[in-house]
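Listed below are the residues making up each chain.
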Amino acid sequence: MKIKHLAIPAAMAAALALSTPPAEAGKSDDTLTWISNSEPDNIDIYYNTLREGLILGRHIWDALMEIDPKTGEFQPSLAKSYKWIDDKTIEFDLREDIVFHNGEKFDADDVVFTLNYLADPNNKVKALSRTKFIAGGEKVSQYKVRAKLKYPFPAAMQYFASVIVIYPNEYYAKAGPKGMATKPVGTGPYKVTEVTYGKRFVLEKNENYMKGGPKTPSIGKLVFRRIEERGTQMAELLSGGADWIWRVPPDLAQRLDGRKGFQVTQGETMRIGFLILGASGKAGDHPMTNLKVRRAINYALDRDKIRKTLMGEASRIIHAACFPTQFGCIDDNVKRYEYNPEKAKALLKEAGFEKGFEAEFVAYRDRPIAEAIIGQLRRVGITAKMTYLKAGAYRELRRKKGVEIAFGTWGSSSINDITAIAGNWFQGSSDDNAQDKTVIDLLNQGNTTDQEVRKKVYAQAFERIADQAYWAPLFSWVYNYAYVDELDFTPSADEIPRFWAAKWK
Amino acid sequence: MLNFMTKRLFVAALVAFTVSVIAFSLLRLSGDLATMIAGEDASAQDIEIIREQYGLNKPYHLQYLDWLGDGVQGDLGESMFYPEEVTALIKDRLPNTLTLAGLGVLFAMGLAIPMGVIAALRPDSWVDRTALTIAVLGQALPGFWFALMLMFVFGLFLRWLPISGNETLAHFILPAISLGYYSTPAVMRLTRTGMLEVLNSDYIRTAHAKGLPTFVILFKHALRNAIIPVVALSSVQFGNMLGGSVVTETVFQIQGIGHLAWESISRNDFPVVQAVLLLVACFYIVLVLLGDLLNAWLDPRLRVT
């Protein structure tokens, strides 16, 4: 493994030295080829949970509303407007001039069909984390529809304006899930012309996309390919076989940056990193149940140094247990733990651990960051013994037995509302390693559509979480994007590259 | 002979069954399928719902028996991820792996046999040493690094060959070189040893005495005899390449069986893993069985075992 870590950068350096600027590029044939390291095994957005599936889905289908990535405001899409009827009902006024890629006309029946389909457990939808709150749909008139929720869910509009996309009811009745997986039909800015699993997906500009819609496309054709190996991805980009790649490791991004014919951009994402400190004692009687120890760990971390060295300048330090743009992520009065190893040592002494202690440390990704954290903890006397697990095993261990310290990250499924993070980690679920009744109660009070009440209780909840040091929040994650310099592309924090908004220069 | 064949077939079926049970148990021990299906940001509650919906809350032995019951009727089930039948997936991927392994063996033999012959003609000379060094490098170089180097030189710098994918035969050239080069030392050494032995035999001396040209002696008389064990070895190498082409398939993004197995293991897609393992195990079982039967046919003394 170590040889591989050394060999790949060496091979990359050789590639950069050998290569010439791209011989052919996508602009000449109006085709943008993007390569990613994973491929959705089912292009149907509700039957895959992969980021790439979500991205393709957002290009093929439309949601009822759309979120403006710059302002966070809701824009009209399939619906002209929406209003909350009560805590569990939202009414949408639909546009009357929209057709699906196959010519089928869009109306309330499509919305009702989609929502009822998602609510029916017999359909075994895989993307449950995005759909589980839906109870069904109700037709009011041909262009007016109501979405029913299973429980009060104030963040629902975030989902209805992004990941809850609408399917054509007549086509789906005929084609079924298998048909949608091979010949998908939507209303989105791109229509699918080729689905070859394991090889490529081809999307072409939808000339009949809704007039004045929020996702009006510019580039004529998108080709998606999966290549797992970073070296191969880079070779394809350099040779003109690809126009756009992402998640480029920082060292490779630096080498490529400034090279003729290419552009490298760094973009912050909604994913944040943190240490989960086992305050509830689920894993037994260990030092993490002591508040002073948890605070000491927070003071022991030089977040800024790790961030700059291993993540990149576009990343930012996180103080509250949420991503700053999320609704309800209020960190004004949240306790801030600056880097202060002396204070950390003093707190450990007060807690009776003057000579330090050994702690279990579980991680599943970003090993270099985990190792840097362990090194900093060692400086204040905490010897963290790392167990590095597969993601599934890591989650199972944390949820069933609890752990002393776990290194985690969370992308909130790109939902810009704190329910997507605090709801999972601090509201009493098996992921909640604090099980603090005060915090749970405050978050439960936030289950209302009264936005002012939500802001107030969430601010209190995050104050309490930081004061009790249930987590040691770290920083936001960033992605490096590398692409041909004739492409005009802007990354967004929700990890959804908007190719419909990209243009050739 | 019939009794011998029945015994061997029974053992082969037992091996296939054991492989399937071990594969199922190992996959179940290594992680939770429901967690993989639910995705990275799924809550514990989401995972429990998925577990119930997909019947993954049943006891393990019942899940296995369900799969086995369908399997013996020829229904290997559906992938937990791909919207396809497992048999369709394998049918789609197998030709790529067969092409890759076939070309890999051809490359290995095409390089190693001439080098073995040349080395045998000048044993312990610089020619012998150079041929051995070229061959041994194939095993010494890390496969993925060699693959990346080939890609950069022939795909990126010279732009002679495509870098990744499996659309045309040209896409298989670099992967086949990368895969075949690893097998070169074994084939080369066996050719060299065989040739050295044959070249010192009486009938070759007789051929020289008869005044036959060296080329004819080498390729018509010597190589034909020396190559018999090499052909047997190459078939074993072919088997190894079928099951062991994961790295090459991943680096060059060839959608083959090795890549499918690796991908399915990493996300616990057990119907696919089971089917691929059974397929590869069956390849080996058939090869070994054929070998046993051939040996037994040639040497009746072996039939008593």
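Residues numbered from 1 in each chain as written. Chains lettered and ligands numbered in written order. Predicted model: local features only at pLDDT ≥ 70, side-chain atom pairs only at ≥ 80, totals over all residues. Heavy atoms only, no water.

Moving on, we get to the environment of Leu158(B). Residues and elements named next belong to chain B. By the element assignment, Leu158 lies in the loop between α7 (143–157) and α8 (173–181). For Leu158, a relative accessible area of 32% puts it in the partly exposed group. Between the alpha carbons of Leu158 and Val231 there is a distance of 34 Å; along the sequence they are 73 residues apart. (Helix = DSSP H or I, 4+ residues; strand = E, 2+ residues; numbered from the N terminus. Buried < 20%, exposed > 50% of the residue type's maximum accessible area, 1.4 Å probe, protein only.)

So, about the interface of chain B and chain A. On the side of chain A, 57 residues touch chain B, which itself brings 53 residues to the contact. When chain B packs against chain A, the two sides together hide about 4,500 Å² of surface, and 54% of this comes from carbon and sulfur. Contact with chain A buries surface across chain B, with Glu40(B), Asp41(B) and Arg159(B) losing the most and accounting together for 15% of the total. Linking Arg226(A) and Glu263(B) is a salt bridge whose minimum nitrogen-to-oxygen distance equals 2.8 Å. Elements supplying a minimum of two residues to the side of chain B that touches chain A: α2 (33–38), α3 (44–53), α7, α13 (246–251) and α14 (257–266) of chain B. Of all the elements, α7(B) adds the most residues to the side of chain B that touches chain A, at 10 residues. For the side of chain B that touches chain A, the residue count by class is 27 nonpolar, 15 polar and 11 charged. (Contact = heavy atoms within 4.5 Å. Buried area = accessible area lost by both parts, 1.4 Å probe. Salt bridge = Lys/Arg side-chain N within 4 Å of Asp/Glu carboxyl O. Nonpolar A, V, L, I, M, F, W, Y, C, P; charged D, E, K, R; others polar.)

A few words on the nonpolar core. Residues Phe92(A), Leu94(A), Phe160(A), Trp244(A) and Leu487(A) are the most contacted members of the largest nonpolar core, which totals 128 residues. Broken down by element, this core gets its largest block of residues, 9 residues, from α7(B). Contacts of Phe160(A), omitting those with residues within four sequence positions, involve Ala63(A), Leu64(A), Met65(A), Ile90(A), Phe92(A), Leu115(A), Phe133(A), Ile134(A), Ala147(A) and Leu149(A). Counting residues in hydrophobic clusters, the runner-up holds 36 residues, among them Met311(A), Leu348(A), Ile405(A) and Trp477(A). (Core = buried A, V, L, I, M, F, W, Y, C linked by side-chain atoms within 4.5 Å.)

Residue and element names in this part refer to chain A. Split by domain assignment, chain A resolves into domain 1 (45–179) and domain 2 (270–477). Look at where the C-alpha atoms of domain 1 and domain 2 centre, and you get two points 34 Å apart. Across the contact, 11 residues belong to domain 1 and 13 residues belong to domain 2. Of all residues in domain 1, Arg51, Pro154 and Gln158 bury the most surface against domain 2, accounting for 45% of the area lost on that side. Across the domain 1-domain 2 interface, the total number found is 0 salt bridges. Summed over the shared surface of domain 1 and domain 2, the number is 3 residue pairs in polar contact (both at pLDDT 80 or more). The residue inventory of the side of domain 1 that touches domain 2, partitioned by class, reads 6 nonpolar, 3 polar and 2 charged. (Domains from an automatic or database assignment. Polar contact = N/O pair within 3.5 Å; in protein donor to acceptor, adjacent residues only side chain to side chain.)

So, about the sheet that holds strand β5 (residues 89–94) of chain A. Residues and elements named next belong to chain A. Overall, antiparallel pairing links the 4 strands, which are arranged β4-β5-β7-β6 in an open sheet. Each of the sheet's edge strands pairs with one partner strand only, and the pair in question is β4 (79–86) and β6 (134–141). In this sheet, adjacent strand axes meet at a mean angle of 20 degrees when their direction is disregarded. Lying on the sheet, helix α3 (residues 108–119) is in contact with β5, β6 and β7 (144–149); it crosses β6 at an angle near 165 degrees. (Pairing = 2+ DSSP bridges. Axes fitted to C-alpha atoms, helices over the stretch in contact; angles between N-to-C directions.)

What follows deals with the pattern of salt bridges. Residues and elements named next belong to chain A. Taken as a whole, this structure holds 37 salt bridges over all chains when the rule is applied. Note that Arg146 and Glu91 form a salt bridge whose closest N and O atoms lie 2.6 Å from each other. Separated by 55 residues along the polypeptide, Arg146 in strand β7 and Glu91 in strand β5 bring together distant segments of the chain. For Glu91, a relative accessible area of 6% corresponds to the buried category.

Residues and elements named next belong to chain A. A sheet is described by the order of its strands in space; here 10 strands give the open sequence β8-β9-β10-β1-β11-β16-β12-β15-β13-β14, paired in mixed fashion. In this open sheet, the two edge strands, each paired with only one partner strand, are β8 (190–196) and β14 (382–388). In this sheet, neighbouring strand axes are inclined to one another by 25 degrees on average, regardless of whether the strands run parallel or antiparallel. When strand β12 (residues 262–277) meets strand β15 (residues 405–410), the two strands line up antiparallel, connected through 6 bridges. Looking across to β15, one finds that Phe274 is bridged to Gly408.

Together, Phe10(B), Val11(B), Leu14(B) and Val15(B) make up an exposed nonpolar region whose accessible area comes to about 360 Å². With respect to the helices and strands, the residue Val15(B) is situated in helix α1 (residues 2–30). (Patch = residues over 30% accessible without salt bridge, like charges linked within 9 Å, V, L, I, M, F, W, Y side chains within 5 Å. Areas by Shrake-Rupley, 256 points an atom, 1.4 Å probe, with all protein chains shown as cover.)

Residues and elements named next belong to chain B. Close contact between helix α6 (residues 126–140) and helix α9 (residues 184–199) brings their axes to 7 Å; oriented N to C, the two are set at 150 degrees. When the interaxial angle is binned, α6 and α9 end up roughly antiparallel. Across the interface between the two elements, Asp128, Ala131, Leu132, Ala135, Val136 and Gln139 from α6 touch Thr184, Pro185, Met188, Arg189 and Arg192 from α9. Here the residues of the contact of α6 with α9 are counted per class, giving 6 nonpolar, 2 polar and 3 charged. (Parallel < 35°, antiparallel > 145°, perpendicular 65-115°, else oblique.)

Once that is clear, we can look at the side chain of Ser413(A). Within the element layout of this structure, Ser413(A) appears in the loop between β15 and α14 (422–425). When its relative accessible area of 14% is taken as the criterion, Ser413(A) is described as buried. Contact partners of Ser413(A), with chain neighbours within four places excluded, come to Arg51(A), Ser129(A) and Asp41(B).

Residues and elements named next belong to chain A. Two strands pair when backbone bridges link them, and β6 and β7 are joined in this way by 6 bridges, in the antiparallel orientation. Its bridge partner being in β7, Lys139 is matched across the sheet by Val145. In this structure, the hairpin formed by β6 and β7 is closed by a connection of 2 residues.

What follows is about the packing of aromatic side chains. Enumeration according to the criterion identifies 43 aromatic pairs over all chains in this entry. Measuring from ring centre to ring centre gives 5.4 Å for Phe153(A) and Tyr159(A), while their planes differ by 50 degrees; the resulting arrangement is tilted. Overall, the relative accessible area of 5% leaves Tyr159(A) in the buried class. Taken together, Trp34(A), Tyr197(A), Phe201(A), Phe224(A), Trp244(A), Trp246(A), Tyr479(A), Tyr481(A), Tyr483(A), Phe489(A), Phe499(A) and Tyr82(B) form an aromatic cluster joined through their ring pairs. (Phe/Tyr/Trp six-rings, centres within 6.5 Å; stacked < 30°, edge-to-face > 60°.)

Okay, unusual backbone geometry next. The backbone of Ser412(A) shows a phi angle near 55 degrees, a positive value even though the residue is not glycine. Taking relative accessible area as the criterion, Ser412(A) reaches 1% and is therefore assigned buried. The backbone of Arg159(B) shows a phi angle near 55 degrees, a positive value even though the residue is not glycine. In this fold, Arg159(B) is placed in the loop between α7 and α8.

This part takes up the confidence of the model for chain B. With 94% of its residues at a pLDDT of at least 70, chain B reaches an overall mean of 83. Across the interface, the model reports ipTM at 0.73; the global pTM reads 0.81. (pLDDT = per-residue confidence, 0-100.)

Here we come to the side chain of Lys126(A). Relative to the helices and strands, Lys126(A) resides in the loop between α3 and α4 (128–131). As a buried residue without a salt bridge, Lys126(A) has its nearest oppositely charged side chain in Asp41(A), at a separation of 5.5 Å. The residues touching Lys126(A), leaving out its near neighbours within four places in the chain, are Tyr46(A), Tyr47(A), Asn48(A), Thr49(A), Ile37(B), Ala38(B), Ile50(B), Tyr54(B), Met80(B) and Phe81(B). (Lys, Arg positive; Asp, Glu negative; His and termini not counted.)

Turning to helix α2 (residues 51–60) of chain A, a few remarks are in order. With respect to burial, α2(A) is a largely interior element, 10 of its 10 residues being buried. Listed as buried for α2(A) are Arg51(A), Glu52(A), Gly53(A), Leu54(A), Ile55(A), Leu56(A), Gly57(A), Arg58(A), His59(A) and Ile60(A).

Time to look at the environment of Ile373(A). All names here are of chain A. When you line up the elements, Ile373 lands in helix α12 (residues 367–379). Counting along the chain gives 253 residues from Ile373 to Asp120, while the straight-line C-alpha distance between them is 44 Å. Excluding residues that lie within four positions of it along the chain, Ile373 makes contacts with Leu275, Leu301, Ile306, Phe361, Phe407 and Leu474.

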